[in-house]
2 protein chains.
Amino acid sequence: MSASEPVAERPRRPDNPTKGDRREQAILDAAEALLEERGLDPVTVEQIAAGAGISRASLYFYFGSKQEVVTALVARTMGVTRDDADTLAAEVDVPPQTTIERSIRRIEKQWLDHGVVMRAAVDNAPSNPEVREIWRGTVDLYVDLLGDVLVRAGVPDDGGPTGARALAKGLAWMGERNFYIASAISKAEVRRVAETVLAIWFSTIEDRVG
Amino acid sequence: MSASEPVAERPRRPDNPTKGDRREQAILDAAEALLEERGLDPVTVEQIAAGAGISRASLYFYFGSKQEVVTALVARTMGVTRDDADTLAAEVDVPPQTTIERSIRRIEKQWLDHGVVMRAAVDNAPSNPEVREIWRGTVDLYVDLLGDVLVRAGVPDDGGPTGARALAKGLAWMGERNFYIASAISKAEVRRVAETVLAIWFSTIEDRVG
DNA sequence: TGCAAAATCGACGTCGTGTTGACAATGGAT
DNA sequence: ATCCATTGTCAACACGACGTCGATTTTGCA
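Because the structure is predicted, anything quoted here is derived from the model rather than measured.

**Considerations on the domain arrangement of chain A**
All names here are of chain A.
Inference 1: Assigned domains within chain A: domain 1 (18-64) and domain 2 (66-209).
Inference 2: Here domain 1 and domain 2 have C-alpha centroids that lie 29 Å from each other.
Inference 3: Between domain 1 and domain 2 the total buried area reaches about 1,300 Å² when both faces are included, carbon and sulfur atoms providing 69% of it.
Inference 4: When the area that domain 1 buries against domain 2 is broken down by residue, the three leading residues are Leu28, Glu32 and Leu40, summing to 40%.
Inference 5: Where domain 1 touches domain 2, the interface holds two salt bridges.
Inference 6: Linking Asp29 and Arg76 is a salt bridge whose minimum nitrogen-to-oxygen distance equals 3.0 Å.
Inference 7: If one sorts the elements of the side of domain 1 that touches domain 2 by residue count, helix H1 (residues 19-37) sits on top with eight residues.
Inference 8: When its residues are assigned to classes, the side of domain 1 that touches domain 2 shows nine nonpolar, two polar and four charged.

Now the structure itself:
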């Protein structure tokens with residue numbers, strides 16, 4: 001913000017690259033790498049620690065549990081998705097269909113780039129309340145965003161189960177599930193499914209606006 | 001195959017209500033009950049065994065692992081859903097919309113009656129290949145059934161990502177995900193979501209048939 | 001009644017998690 | 001330069017849950 005206080009105001013800030021902070025990132029990187037080759041369940045704390053170049057006991061200095069590691073990893077990845085949603089929400093002067101298409105494209109890209117972590121998030125949500133909150137919160141961002149867009153497009157909303165908001169919720173979770181399944185198959189399948197998802201969004205609008 | 005060997009050919013058939021077979025069912029019942037109050041993860045083999053009135057070691061006489069218990073439980077519940085799909089598939093002389101509505105209603109009922117097991121199935125699918133197969137196989141039954149219905153309703157299918165089959169797949173998984181979330185909230189929410197899901201199915205058809 | 005198959009269980013080995021307490025490195029103030 | 005609190009590291013331990021083994025009892029049928 002201001003250039004009058006140039007350096008070293010707070011010694012223990014996340015932007016202050018402490019030795020330990022680097023280790024923390026190394027742990028998350030190791031976890032993500034392990035996630036890539038094995039699944040999530042088979043990955044052990046021992047392996048993550050080894051991947052980060054420390055002992056298992058040392059890992060517990062940084063994270064209180066295996067769950068916390070996963071939570072931090074998911075949070076790191078979902079930060080991007082949340083920023084995307086904010087960016088999209090700021091675009092008010094474009095036609096509704098454009099916002100929807102851009103949203104789906106962003107989500108598609110996220111699944112293409114970070115499929116492993118995204119799938120781990122979905123898989124862990126049932127047993128990890130923190131991850132569940134992060135995940136649902138992020139989906140909700142898009143539910144709200146696209147709910148508004150649907151209303152703007154002319155889809156009526158009486159607050160009931162066939163109103164714009166309810167439809168947006170149903171359609172958003174349709175995307176989530178279909179991308180999840182596709183991302184476990186191949187990147188080509190993710191791209192294919194993006195078209196299907198988009199088609200259903202558009203059909204729903206078309207039919208409800210007329 | 002042949003009727004020349006009338007009775008008692010195999011003394012260990014599932015329709016032969018052996019003492020042990022009853023225990024097997026008792027174990028599944030106990031597992032289902034435990035699933036109801038606690039989650040799936042926190043349930044221990046010890047508790048399931050206790051619920052069935054046997055020791056932990058004895059349970060391993062019937063099932064090779066905790067996973068196998070869950071698998072058997074899921075299989076038992078999904079049997080009904082599969083039968084439903086067969087029944088629906090046999091109804092060829094009714095209008096497409098009717099088949100779709102009836103399908104959604106059957107699925108809705110299944111989530112209302114067996115939400116706990118259904119959710120356990122979804123939660124375990126990632127880490128349990130057998131459950132995953134059962135689950136996906138059942139969903140596929142409806143994908144095929146409703147894909148045919150879509151074609152019959154006049155939705156074109158070029159085999160691509162916006163063809164009738166692809167749409168049916170996307171819409172079927174939309175239902176799965178939305179029912180899953182709703183069933184963790186309340187029965188009322190399940191009923192509400194059924195309306196939303198139905199609305200999206202109908203909108204997709206309407207827009208694509210015209 | 002006899003007896004093989006079915007069923008039961010105590011005790012054990014293993015694996016992965018998380019904790020403890022003692023020890024080493026780090027880096028800023030003096 | 002050195003002191004010392006903070007930060008970081010780890011071996012060893014305790015615990016809980018899973019799955020196995022061998023010995024023992026129960027069952028049902030000839």
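Additional details are given in the paragraphs that follow.
**As for the interface of chain A and chain B**
Inference 1: Of the residues lining the interface, 31 residues belong to chain A; the matching set on chain B comes to 31 residues.
Inference 2: Of the roughly 2,600 Å² buried at the junction of chain A and chain B (both faces included), carbon and sulfur atoms supply 62%.
Inference 3: One salt bridge connects Arg177 of chain B with Glu176 of chain A, and the closest N-O pair in it is separated by 3.0 Å.
Inference 4: The interface formed by chain A and chain B contains 10 residue pairs in polar contact (both at pLDDT 80 or more).
Inference 5: Put simply, the parts of the chain that give the side of chain A that touches chain B at least two residues each are helix H5 (96-124), helix H7 (164-183) and helix H8 (187-209) of chain A.
Inference 6: For the side of chain A that touches chain B, the element with the highest residue contribution is H7 of chain A, accounting for 12 residues.

**Focus: the packing of aromatic side chains**
Residues and elements named next belong to chain A.
Inference 1: Within this structure, the stated rule accounts for six aromatic pairs over all chains.
Inference 2: Between Trp111 and Trp135, the aromatic rings sit 6.1 Å apart at their centres with planes inclined by 80°, giving edge-to-face as the arrangement. Linking Trp111 in helix H5 with Trp135 in helix H6 (residues 129-153), this pair joins segments that are 24 residues apart in sequence. Of the two residues examined, Trp111 and Trp135, each falls in the buried class.

**A word on H5 of chain A**
Inference 1: With 29 residues, H5 of chain A extends only 34 Å from end C-alpha to end C-alpha; this falls clearly short of the ideal 42 Å at 1.5 Å per step.
Inference 2: Helix geometry: H5 of chain A is bent most strongly at His114 of chain A, by close to 100°.

**Re the relation of the copies chain A and chain B**
Inference 1: Superposing chain A onto chain B takes a rotation of 180° plus a shift of 0.0 Å along the axis, which leaves an RMSD of 0.0 Å. Between the two chains, the operation in question is that of a two-fold axis. When each C-alpha of chain A is compared by its distance to the rotation axis, Met174 of chain A comes out closest, at 2.0 Å.
Inference 2: Interface overlap between copies is the fraction of interface residues in one copy that are interface residues in the other; for chain A against chain B it reaches 100%, indicating a shared surface.

**Observations regarding the protein's contact with DNA strand C**
Inference 1: Around DNA strand C, a shell composed of 16 residues is seen, among which Arg56 of chain A together with Arg23, Ser55, Ser58 and Tyr62 of chain B lie nearest.
Inference 2: Here DNA strand C approaches the protein such that, of its atoms within 4 Å, sugar and phosphate make up 57%.
Inference 3: Val45 of chain A has a polar backbone atom sitting 3.1 Å from a phosphate oxygen of DNA strand C.
Inference 4: Secondary-structure elements contributing two or more residues to the surface near DNA strand C are helix H3 (56-62) of chain A together with helix H1 (19-37) and helix H3 (56-62) of chain B.
Inference 5: Top element by residues in the surface near DNA strand C is H3 of chain B. It accounts for four residues.
Inference 6: Class assignment for the residues of the surface near DNA strand C results in seven nonpolar, six polar and three charged.

**Observations concerning the packing of H5 of chain A against H8 of chain A**
Residues and elements named next belong to chain A.
Inference 1: Two elements in contact, H5 and H8, have axes separated by 10 Å at closest approach and are oriented at 155°. The angle between H5 and H8 falls in the class roughly antiparallel. Between H5 and H8 lies a crossing of right-handed hand. In this structure, H5 contributes Gln97, Ile100, Glu101, Ile104, Arg105, Glu108, Trp111 and Leu112 to the contact, and H8 contributes Lys187, Val190, Arg191, Ala194, Glu195, Val197, Leu198, Trp201, Phe202, Ile205 and Glu206.
Inference 2: Counted by class, the contact of H5 with H8 contains 11 nonpolar, one polar and seven charged residues.

**A word on the packing of helix H6 (residues 129-153) of chain B against helix H8 (residues 187-209) of chain B**
Residues and elements named next belong to chain B.
Inference 1: Two elements in contact, H6 and H8, have axes whose closest approach is 10 Å; the angle formed by their N-to-C orientations is 35°. As H6 runs across H8, the sense of the crossing is right-handed. Together, Leu146, Leu150 and Ala153 of H6 and Trp201, Ile205 and Val209 of H8 make up the contact between the two elements.
Inference 2: For the contact of H6 with H8, the residue count by class is six nonpolar, no polar and no charged.

**Here's the deal with the nonpolar core**
Inference 1: By size, the foremost hydrophobic cluster in this structure holds 132 residues, and its most contacted members are Trp201 of chain A together with Trp201 of chain B.
Inference 2: Setting aside its immediate chain neighbours within four residues, Trp201 of chain A contacts Ile100, Ile104, Leu146, Leu150, Ala168, Leu171, Ala172 and Met174 of chain A.

**Some thoughts on the side chain of Thr81 of chain B**
Inference 1: Position of Thr81 of chain B among the secondary structure elements: in helix H4 (residues 66-90).
Inference 2: Beyond its immediate stretch of four places on either side in the chain, Thr81 of chain B contacts Gln110, Thr138 and Tyr142 of chain B.

**Comments concerning the pattern of salt bridges**
Inference 1: For the coordinates displayed, the defined rule picks out 28 salt bridges over all chains.
Inference 2: Note that Lys109 of chain B and Asp113 of chain B form a salt bridge whose closest N and O atoms lie 2.6 Å from each other. Highlighted residues: Lys109 of chain B and Asp113 of chain B, both in helix H5 (residues 96-124), separated by four residues, approximately one helical turn.
Inference 3: The partly exposed category is assigned to Lys109 of chain B, whose relative accessible area is 49%.
Inference 4: Residue Asp157 of chain B is joined to Arg165 of chain B by a salt bridge in which the shortest nitrogen-to-oxygen separation is 3.3 Å.
Inference 5: Exposure remark for Arg165 of chain B: the relative accessible area of 39% places this residue in the partly exposed category.
Inference 6: One continuous salt-bridge network, built from bridges that share partners, spans Glu101, Arg105, Glu108 and Glu195 of chain A.

Cut-offs and rules
Residues numbered from 1 in each chain as written. Chains lettered and ligands numbered in written order. Predicted model: local features only at pLDDT ≥ 70, side-chain atom pairs only at ≥ 80, totals over all residues. Heavy atoms only, no water. Domains from an automatic or database assignment. Buried area = accessible area lost by both parts, 1.4 Å probe. Salt bridge = Lys/Arg side-chain N within 4 Å of Asp/Glu carboxyl O. Helix = DSSP H or I, 4+ residues; strand = E, 2+ residues; numbered from the N terminus. Nonpolar A, V, L, I, M, F, W, Y, C, P; charged D, E, K, R; others polar. Contact = heavy atoms within 4.5 Å. Polar contact = N/O pair within 3.5 Å; in protein donor to acceptor, adjacent residues only side chain to side chain. Phe/Tyr/Trp six-rings, centres within 6.5 Å; stacked < 30°, edge-to-face > 60°. Buried < 20%, exposed > 50% of the residue type's maximum accessible area, 1.4 Å probe, protein only. Expected span 1.5 Å × (residues − 1). Bend = angle between axes of the 7 residues up to and from the residue. Least-squares fit on C-alpha atoms with pLDDT ≥ 70 in both. Near = heavy atom within 4 Å. Axes fitted to C-alpha atoms, helices over the stretch in contact; angles between N-to-C directions. Parallel < 35°, antiparallel > 145°, perpendicular 65-115°, else oblique. Left-handed = near helix turned anticlockwise from the far one by under 90°. Core = buried A, V, L, I, M, F, W, Y, C linked by side-chain atoms within 4.5 Å.

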